[in-house]
Each structure stands twice: as C-alpha cells, then as structure tokens.
Amino acid sequence: MTQNRHIRRRALLKAGVAGTACLALPLAAVAARSYGFEAHNVAQGVWLIEGAQEGFDRANGGAIANIVLLETREGAIVIDTGSTALMGAEVRAFADQRLGGLAATLITHHHPDHWFGNAAFADRPILSLGQTAALAATNAQGYSDALYNILGPWMSGTTPVPPDTQVEAGSHKIAGRPLKLLPLQGHTQADLAILDDTSGTLIGGDLLFLDRAPSLPDADIDAWQDSLDQLAALRPSATIPGHGPYHRSSAALAQTRAYLTATDDRLARAAELGLTPAEAMAAGPVPDFAGLGANPQEYHRSVVQRWSDYEQRALRKISNA
C-alpha cells in the first residue's frame, strides 16, 4: 500500500503542470476535507487569509502562511498560494466568487508553504523573482516528499508548479493596481516584498514575522537586517507579514529585527562556549521570544540546520584572535 502511494505520487510529480488536468480526481477523494478559510478585508481592496502560527502539522493541514488578495477591476492579484492543491483551489474559488476572478499571482519566495497551491492558478501568469523560480524548481521534489510525509491526505493531488514569469524591481501596474516590487534577500536568497500603493500596505512575505518565530534554514541574517532597513524606509501604513497578523504599525519589523539579533547572538555565544548542539537546544530560545508561535520548535530547527555555520564562525574568531 505505501509503495503504491509513493509510485502514484512520483507519477504526479513527473506530470508537472500537466498534472493540473487530473486535479479533480484526487481532490474528489477528499471532498469532505476543507480548510474553511475566512478572508478578512483588512485595508482598501486588501484581503487576508491568515495562516496558523504553528509549523506544518496534520492538524492545520499545512495552512501556516498568509495569503493576500488585492482587488482590481480585472480580478484578484493573489500573493502566495499556500501549501497544497486543495488550499490553492479554495483560495482560487474565493477569488472567482468574490473578487471577479484572477488577474495574476505573485510568489514571494521559494519555500513550499507559499507556492504549493500554484496549480489552481496556472491559467494566468505566476510571477516571481527569477531566482525564486529557479530555487522552487530545484527544491520541488524534496519539498513535496517532505510535505506528503507530514501532511498526508491534505496533499492529495498536489503537483508542484513553479512560477513561470519573472518580475522586475520597481513600480508597476498589475491589472491596473499600482504596486512597488522590491527584490530583497535574507530570509532566502530571493525575497519579494510588495508595497500596495493604493492602501499603503506592505506585504513583506517571510522577511516579516509577527508573534511567530522566524524560520532560519536559508537565512543570511546580515542581509535580512539590511532588507528590514529598506522596508522600514518605506514607512508603510500597515504591514502583512508572511506569518502573523495584519498590523497598523511597525511591530512586525521591530519584532523580526529583535528576534534575529537575539537568536544570532545566542547561537554565536553557544558555539563560542563550545556547547554541543544538544546543549544549545536544551538552553532553549531567548526568553523574550520563547512564547512566540512555533517556538521552541523553530529555535530547535535553527540549531539543527545552522549549527555548523556558528561553529565555523567561532573557529574563525578564535583563529583571528
């Protein structure tokens, strides 16, 4: 039974975009399963489907990232599509039924909770930075295998469909709605932030977190802090982080910056003291951030995935002393 499921999954992955045509059959098998999203109109023409504050889990079906929809006369601009085909299909249904259809889709970065719902949007351009598209394609298989193992039946029918159209930096009108597209980095090698000129809302992708611990597997913390400086200089009227609530303040910018600084210092200090990874994990996250969503799991993940970097930093510091 397990082997047959694995074979069917491999066949879907090989199908690529063509797998979209067979979406209805596997989704029909889980028709009773639904995310039951609630979309909230948080600003002028800005709708938010807020993700859970935990990590991937069958209890949340992988619905952990924020999804934003911007109203235009030509339909919705969807920003990020979620973790599964079913999630993408439900977001698309909201766009079709409430916002006049789909104008375009923007993907902020290559982590799978932000684009594995793409199949439901493949009849229109799926836009991203060029490096995001390349990283999505490169990592698709590994991400898919991991999510099928974690989410199980929630992933039925999910075929990774990487972004297909590159966007350039600067001011654009997409379906008539003026947006500033900012190509940044730090959370990943390519992070797209979007300033909606109509409402003044900054959609920061995973450069911004609020009340949820940032994830650091691909992070360059110095570059991330530089990106936060650039986002702060925009002086947005409100922010929507990749994970966490909409807020009419700079809370997400401030909290993300503080978490990165404190966690970087904690891990660097632990490595300099010669602690083992197990000892660093046992110490737990910085107390001020221990209560954030997805902690201590996210802190533990950071130790596991980034420990060698901090050991190398400690060795360089010793050798240069």
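One structure accompanies this document, and this report is about it. (Residues numbered from 1 in each chain as written. Predicted model: local features only at pLDDT ≥ 70, side-chain atom pairs only at ≥ 80, totals over all residues. Heavy atoms only, no water.)

## Observations regarding the overall build of the chain
Going by this rule: The secondary structure listing takes helices from DSSP runs of H or I that are at least 4 residues long and strands from runs of E that are at least 2 residues long, numbered from the N terminus. Working definition: with a 1.4 Å probe on protein chains only, accessible area under 20% of the residue-type maximum means buried, over 50% means exposed, and in between means partly exposed. Here a residue-residue contact requires only that any non-hydrogen atoms of the pair lie within 4.5 Å. Only the protein chains shown count as covering a residue, and every accessible area follows the Shrake-Rupley method with a 1.4 Å probe.
Regarding its fold elements, the chain presents eight helices and twelve strands. Every one of the 321 residues in the chain was classed for burial, and the buried ones make up 55%. In the chain, once contacts between residues fewer than 6 apart in sequence are set aside, the share between residues at least 24 apart is 69%. Carbon and sulfur atoms provide 52% of the accessible area of the chain, an area that totals close to 13700 Å².

## Section: the side chain of aspartate 113
Quick reminder of the rule: In this charge count, Lys and Arg are treated as positive and Asp and Glu as negative; neither His nor the chain ends contribute. Whenever a carboxyl oxygen of Asp or Glu lies within 4 Å of a side-chain nitrogen of Lys or Arg, that contact is scored as a salt bridge. Any N or O atom pair separated by 3.5 Å or less is treated as a polar contact, with the protein-specific requirement of one donor-capable and one acceptor-capable atom, and with residues adjacent in sequence counted only for side-chain atom pairs.
By the element assignment, aspartate 113 lies in the loop between strand 5 (102-106) and strand 6 (126-128). The side chain of aspartate 113 is buried and forms no salt bridge, while arginine 212, the nearest opposite charge, is found at 6.4 Å. Looking at aspartate 113, its side chain comes within polar contact range of the side chain of histidine 114, at 3.3 Å. Separated by 3.3 Å, the side chains of aspartate 113 and histidine 243 make a polar contact.

## Regarding the environment of glycine 82
The residue glycine 82 is located in the loop between strand 4 (75-79) and helix 3 (85-98) in this model. Sequence separation between glycine 82 and alanine 63 is 19 residues, and the spatial gap between their C-alpha atoms is 6.6 Å.

## Focus on helix 6 (residues 251-272)
Rule in force here: Helix span, expected: 1.5 Å multiplied by one less than the number of residues in the helix.
The end-to-end C-alpha separation of helix 6 is 31 Å, in line with the 32 Å expected for 22 residues at 1.5 Å each. At the C-terminal side of helix 6, glycine 274 shows a positive phi close to 80°.

## Quick notes on the sheet that holds strand 6
Paired through their backbone hydrogen bonds, the strands of a sheet run either parallel or antiparallel. In plain terms, the rule: For two strands to pair, DSSP has to find at least two bridges joining them.
If you trace the seven strands from one edge of the open sheet to the other, you get 1-2-3-4-5-6-7, paired in mixed fashion. Looking at strand neighbours, the two that pair on one side only are strand 1 (40-43) and strand 7 (165-166), the edges of this open sheet. Here two bridges tie strand 6 to strand 7, and the two strands are oriented parallel to one another. Across the sheet, leucine 127 pairs through a bridge with threonine 165, a residue of strand 7.

## Brief notes about the nonpolar core
In plain terms, the rule: Note on terminology: a nonpolar core comprises buried Ala, Val, Leu, Ile, Met, Phe, Trp, Tyr and Cys residues joined through side-chain atoms within 4.5 Å.
Formed by 34 residues in total, the largest nonpolar core has its most connected members in Leu208, Trp224, Leu231 and Trp307. Within the residue set of this core, elements represented by two or more residues are strand 9 (177-184), strand 10 (191-196), strand 11 (201-209), helix 5 (221-233), helix 6 and helix 8 (297-320). Apart from the residues within four sequence positions on either side, leucine 208 is in contact with Leu202, Leu228, Leu231, Thr239, Pro241, Gly242, His243, Ala252, Leu253 and Thr256. With 31 residues, the next largest nonpolar core counts Tyr35, Ala63, Trp154 and Met155 among its residues.

Bear in mind that shape data such as this cannot, by itself, settle questions of function.
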